[in-house]
Amino acid sequence: MEVSVKVGVLGSGGVANTLASGFLKHGHQVMMGSRTPDKLKEWAAANPNGKTGTFADAAVFGELIMLAVKGSAASEALRLAGETNLAGKVVIDSCNPIADAPPSNGVLKFFTTLDESLMEQLQRQFAGAHFVKAFNSVGAPFMIDPEFPGGKPTMFICGNDEAAKKAVTGILDQFGWETADMGGAEAARAIEPLCMLWCIPGFLRNQWTHAFKLLKL
């Protein structure tokens, strides 16, 4: 039986809207938070069981936090959410460190290096929270209940807290994903660039209807 969790979603874009609606669909309580709560009116109208407010409101409300903002805005969104409001909570980090530059032959540019991921930076800045990377390597239309001929796609996750990763795996099970735990936060150095790989067919051939699958013997 699925257990209802109070989820604070930080963000107001397409990914945030999709995930917030997905959590509601699967029986969770949801509050979306934005720097500008007026941006959430359309989502609120379409999801009368959901709540909306500021980043801080959503962080206070949520037992679990879903971070779904532009990578360049992630640190500021968490700061506005409030470090004390995040302490001890699981923060699912879907952000990618995409630079404000056009792709090069279909390859996105990042503002991070392969020696430190965005999630590692956020985990260091907000040490009291338990970050888990997830939802960064697929397009929003496939984040909730994805259906592919090859079966369940794989969501790669990582983070330093085992209990937090177990909780996120439970969410991914509900949402129709197979989970591959890649270890500690350092693994985000490899998981975040999966966004680049996922986007290449889209930029080059306008193909956006795929997901990754890890095959095992």
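Everything below is about the structure printed above this text.
In this report, we go over the structure that sits alongside the text.

What counts and what doesn't
All residue numbers here refer to positions counted from 1 along the written sequence of the relevant chain. Local features in a predicted model are, by the rule used here, given only for residues with pLDDT of at least 70; side-chain atom pairs are given and counted only at 80 or more, and totals for whole chains, interfaces and linings are based on all residues. Hydrogens and water are ignored here; the side-chain numbers use all heavy atoms of the structure. Only the six-membered ring of Trp is used, alongside the rings of Phe and Tyr, when aromatic pairs are assigned; centres must lie within 6.5 Å, and planes under 30 degrees apart are stacked while those over 60 apart are edge-to-face, with the rest tilted. Runs of E in the DSSP output that reach at least two residues are strands. Runs of H or I that reach at least four are helices, and both are numbered from the N terminus. Any Lys NZ or Arg CZ found within 6 Å of a ring centre and within 35 degrees of that ring's normal is scored as a charge over the ring. In this description, the term disulfide denotes a pair of cysteine sulfurs within 2.5 Å. Only protein chains enter the accessibility calculation, which uses a 1.4 Å probe; a residue whose area is less than 20% of its type maximum is buried, one above 50% is exposed, and one in between is partly exposed. Strands are treated as partners if at least two bridges between them are detected by DSSP. Convention adopted: a line fitted to C-alpha atoms gives each axis, helices being fitted over their contacting stretch, and angles between N-to-C directions are expressed from 0 to 180 degrees. Any two residues having at least one pair of non-hydrogen atoms within 4.5 Å are treated as being in contact. For patches, a residue must show more than 30% relative accessible area and have no salt bridge; joins then use 9 Å for like charges and 5 Å for nonpolar side chains, namely Val, Leu, Ile, Met, Phe, Trp and Tyr. Each accessible area is a Shrake-Rupley estimate made with a 1.4 Å probe; only the visible protein chains count as cover when residues are assessed. One side-chain nitrogen of Lys or Arg within 4 Å of one carboxyl oxygen of Asp or Glu is enough to make a salt bridge.

**Observations regarding the packing of aromatic side chains**
Part 1: The final tally for this structure, using the stated rule, is five aromatic pairs.
Part 2: Ring geometry for Phe135 against Phe175: centres 6.1 Å apart, planes inclined by 50°, an arrangement best described as tilted. Taken together, the positions of Phe135 in the loop between β6 (130–133) and β7 (154–157) and Phe175 in the loop between α7 (162–174) and β8 (178–181) put the pair 40 residues apart, joining distant regions of the chain.
Part 3: Seen in terms of ring centroids, Phe203 and Trp208 are 5.4 Å apart; in terms of plane orientation they differ by 85°. Their pairing is edge-to-face.
Part 4: Counting every residue linked through ring pairs, the aromatic cluster contains Phe23, Phe135 and Phe175.
Part 5: Above the plane of the ring of Phe61 lies Lys6, whose end atom (NZ or CZ) is 4.8 Å from the centre.

**A short note on the state of the cysteines**
Part 1: Inspection of the entire model under this criterion finds zero disulfides.
Part 2: Between Cys158, a free cysteine, and Cys95, which holds the nearest cysteine sulfur, the sulfur-to-sulfur gap is 13 Å.
Part 3: Among the cysteines around Cys195, which has no disulfide bond, Cys199 carries the closest sulfur, lying 4.3 Å off.
Part 4: With relative accessibility at 6%, the residue Cys195 sits in the buried group.

**Some thoughts on the sheet that holds strand β5 (residues 90–93)**
Part 1: Read from one edge of the open sheet, six strands run β3-β2-β1-β4-β5-β6, paired in parallel fashion. On the outer flanks of this sheet lie β3 (51–53) and β6, each paired with one strand and no other. Looking at each pair of strands side by side, their axes are set apart by 25° on average, direction ignored.
Part 2: Looking at chain direction, strand β1 (residues 6–10) and strand β4 (residues 64–67) are connected through four bridges and run parallel. In the sheet register, Val7 faces β4, and the bridge partner there is Leu64.
Part 3: Contacting β4, β5 and β6, helix α6 (residues 118–125) runs over the sheet at an angle of about 170° to β6.

**A closer look at the side chain of Asn47**
Part 1: You can see Asn47 is positioned in the loop between α2 (41–46) and β3.
Part 2: What Asn47 contacts, discounting residues up to four positions off in sequence, is Ser21 and Leu24.

**Observations regarding a nonpolar patch on the surface**
Part 1: A cluster of nonpolar side chains, Phe203, Leu204 and Trp208, forms an exposed patch at the surface whose accessible area comes to about 270 Å².
Part 2: With respect to the secondary-structure elements, Trp208 resides in the segment after α9 (194–205).
Part 3: Exposure remark for Trp208: the relative accessible area of 31% places this residue in the partly exposed category.

**Some thoughts on unusual backbone geometry**
Part 1: The backbone of Asn105 shows a phi angle near 50°, a positive value even though the residue is not glycine.
Part 2: Looking at the element boundaries, Asn105 is found in the loop between β5 and α6.
Part 3: Despite not being glycine, Asn206 shows a phi value in the positive range, around 55°.
Part 4: With respect to the helices and strands, the residue Asn206 is situated in the segment after α9.

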